[in-house]
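Structural characterization, general
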Amino acid sequence: EVMHGALSSICKEMARTMERSAYSPVFYEGADMTTALFGADISLIAEYEGIPAQMGSMKYGVRAGILHIGAENLEPGDVILHNDSYMGTPHLPEFCMVLPIFHQGRIIAYAGNIAHHTDVGGMSAGSMPGNATEIFQEGIIFPPVKIFKAGISDDELWQVYLANVRSPYQSFGDAMAMYASLMVAERSVLELIGRVGAQTFETYSREVLRYGERKLRAELRDIPNGIYAAEAILEDDGVTDQPYTYRLKLVVLDEDLIFDFRGTDAQARGPVNSPYGVTVAACANAIFNLVDPTLSHNDGTF
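A brief look at the structure comes next. In this text the structure is predicted, and so the values were computed from the model without any measurement. (Residues numbered from 1 in each chain as written. Predicted model: local features only at pLDDT ≥ 70, side-chain atom pairs only at ≥ 80, totals over all residues. Heavy atoms only, no water.)

1. Some details on the environment of Glu235
Of note, Glu235 is situated in the loop between strand S8 (226–234) and strand S9 (244–253). Linking Glu235 and Thr245, residues 10 residues apart in sequence, is a C-alpha distance of 8.6 Å. With residues up to four places along the chain from it excluded, the contact list for Glu235 reads Asp241, Gln242 and Pro243. (Helix = DSSP H or I, 4+ residues; strand = E, 2+ residues; numbered from the N terminus. Contact = heavy atoms within 4.5 Å.)

2. Some remarks on the nonpolar core
Residues Leu7, Phe27, Leu37, Val79, Met97, Tyr161 and Phe201 are the most contacted members of the largest nonpolar core, which totals 50 residues. The element that contributes the greatest number of residues to this core is helix H5 (residues 168–196), accounting for 9 residues. The residues touching Leu37, leaving out its near neighbours within four places in the chain, are Leu7, Ile10, Cys11, Met14, Ser43, Leu44, Ile45, Ala46, Tyr110, Ala111, Ala185 and Val189. Among the nonpolar cores identified, the runner-up in size contains 16 residues, and Phe38, Val62, Leu74 and Cys96 belong to it. (Core = buried A, V, L, I, M, F, W, Y, C linked by side-chain atoms within 4.5 Å. Buried < 20%, exposed > 50% of the residue type's maximum accessible area, 1.4 Å probe, protein only.)

3. Examining the layout of surface pockets
Within this model, the second largest pocket holds a volume of roughly 470 Å³. Taken together, 20 residues make up the lining of the second largest pocket; nearest its centre are Leu216, Leu257, Phe259, Thr301 and Phe302. When contributions to the lining of the second largest pocket are tallied by element, the ones reaching two or more residues are helix H6 (198–220), strand S10 (256–260) and helix H7 (276–288). For the lining of the second largest pocket, the leading source of residues is H7, giving 7 residues. The residue makeup of the lining of the second largest pocket, split by class, is 13 nonpolar, 3 polar and 4 charged. (1 Å grid on protein atoms, 1.4 Å probe; cavity = no way out; pocket = protein on both sides within 12 Å on 5 of 7 lines; lining within 4 Å. Points joined across faces, edges and corners; volume = space filled by probe spheres on them. Nonpolar A, V, L, I, M, F, W, Y, C, P; charged D, E, K, R; others polar.)

4. Quick notes on the pattern of salt bridges
Summed over the entire model, instances satisfying the criterion amount to 18 salt bridges. Arg106 is the salt-bridge partner of Glu202, the closest N and O atoms lying 2.9 Å from each other. Residue Glu202 is found in helix H6, and its partner Arg106 is found in strand S5 (residues 106–116); the two are separated by 96 residues along the sequence. Of the charged contacts, one joins Glu231 and Arg247 as a salt bridge, the two residues approaching to 3.3 Å between their closest N and O atoms. Taken together, the residues span a long stretch of sequence, with Glu231 in strand S8 and Arg247 in strand S9 at a distance of 16 residues. Overlapping salt bridges bring together Glu213, Arg217, Arg221, Glu255 and Asp256 as one network. (Salt bridge = Lys/Arg side-chain N within 4 Å of Asp/Glu carboxyl O.)

5. Some remarks on the side chain of Asn113
Locating Asn113 in the fold gives a position in strand S5. A polar contact of 3.1 Å, which involves the side chain of Asn113, links it to the backbone oxygen of Met178. Every residue in contact with Asn113, bar those within four places of it in the chain, is listed here: Met18, Thr34, Thr35, Met58, Phe95, Cys96, Met97, Met178, Ser181 and Leu182. (Polar contact = N/O pair within 3.5 Å; in protein donor to acceptor, adjacent residues only side chain to side chain.)

6. Concerning the packing of aromatic side chains
Counted under the stated rule, the structure contains 9 aromatic pairs. An angle of 75° between the planes, with centres 5.3 Å apart, marks the rings of Tyr60 and Tyr276 as edge-to-face. Of the two residues, Tyr60 is situated in helix H3 (residues 53–69) and Tyr276 in helix H7; the sequence distance between them amounts to 216 residues. Taken together, a centroid distance of 5.1 Å and an interplanar angle of 70° make the contact between Phe95 and Tyr161 edge-to-face. Highlighted residues: Phe95 in strand S4 (residues 94–103) and Tyr161 in helix H4 (residues 155–162), separated in sequence by 66 residues. Tyr161 carries the same exposure label as Phe95, and that label is buried. Here a set of aromatic residues connected by ring pairs shows up, and it is made of Phe95, Phe142, Trp158, Tyr161 and Phe172. (Phe/Tyr/Trp six-rings, centres within 6.5 Å; stacked < 30°, edge-to-face > 60°.)

7. Details of the sheet that holds strand S6 (residues 145–149)
What the 7 strands build is an open sheet, ordered S2-S1-S5-S4-S3-S6-S7; its pairing is antiparallel. This sheet does not close on itself; its edge strands, each paired only once, are strand S2 (44–49) and strand S7 (152–153). Set on the sheet, H5 makes contact with strand S1 (33–39), strand S3 (79–82), S4, S5 and S6; between it and S4 the angle comes to about 30°. (Pairing = 2+ DSSP bridges. Axes fitted to C-alpha atoms, helices over the stretch in contact; angles between N-to-C directions.)

Below you can see the structure in the form of structure tokens.
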């Protein structure tokens with residue numbers, strides 16, 4: 001509980017830093033952000049959610065960024081940036097930033113965040129065109145890149161990005177707010193390790209995951225076994241008048257759940273399709289609203 005509280009508090013402090021240093025109301029009023037800490041093995045150990053859609057996306061976005069660059073290619077002060085929805089972010093306006101936290105020459109943790117920017121280019125202001133038929137119409141796409149290298153900003157990459165958005169002043173300010181939250185996380189994690197030691201930090205970070213899994217499985221045992229089915233219809237996709245039906249069979253097997261979406265209509269032409277991370281977030285959010293609200297949201301519970 002002490003370690004869980006410490007890790008969760010760091011994530012909250014990251015979010016408050018973003019709110020207080022943001023340039024746009026999307027951060028400081030909408031709280032459209034999620035902050036998290038990961039272990040050296042890229043396991044999600046703590047998370048603060050401002051928006052539920054980012055809850056499931058965070059683990060995939062951060063993991064994809066690290067694996068794309070390669071942990072062996074990271075050094076102190078590096079920061080990874082990307083917004084590729086097929087690599088974990090919910091949609092293009094939501095950027096993911098990742099910072100490796102080094103202790104005595106090795107990566108001991110990662111800090112990450114996902115946050116919604118007011119504009120990332122594309123065919124309409126706000127970068128959420130309701131009539132888009134391809135992702136390239138929605139805005140600029142960043143694969144995982146090092147936006148900071150050894151603590152030095154890559155100004156040429158920033159110039160490319162800011163030349164493609166309608167609100168460069170706010171966009172850059174919000175990006176720096178994201179960066180500031182990573183700096184706060186690094187400082188706070190190293191302060192925590194200074195108090196408890198690296199071995200205790202790593203041991204109890206793993207135990208937090210095991211405890212989360214045990215606790216959630218115990219909660220799920222209270223749900224009667226069976227198959228729970230439901231469906232809903234989306235009237236159109238913004239491009240055609242065709243309705244789209246999505247179907248779910250939720251299979252409860254003692255302390256395990258299967259979300260079976262087979263039978264859902266195929267991919268729509270318009271921009272109503274859900275990336276994998278958002279789908280995971282929707283499923284997890286539904287379950288987290290049924291169980292103990294104090295339960296951690298980490299790789300154990302996931």
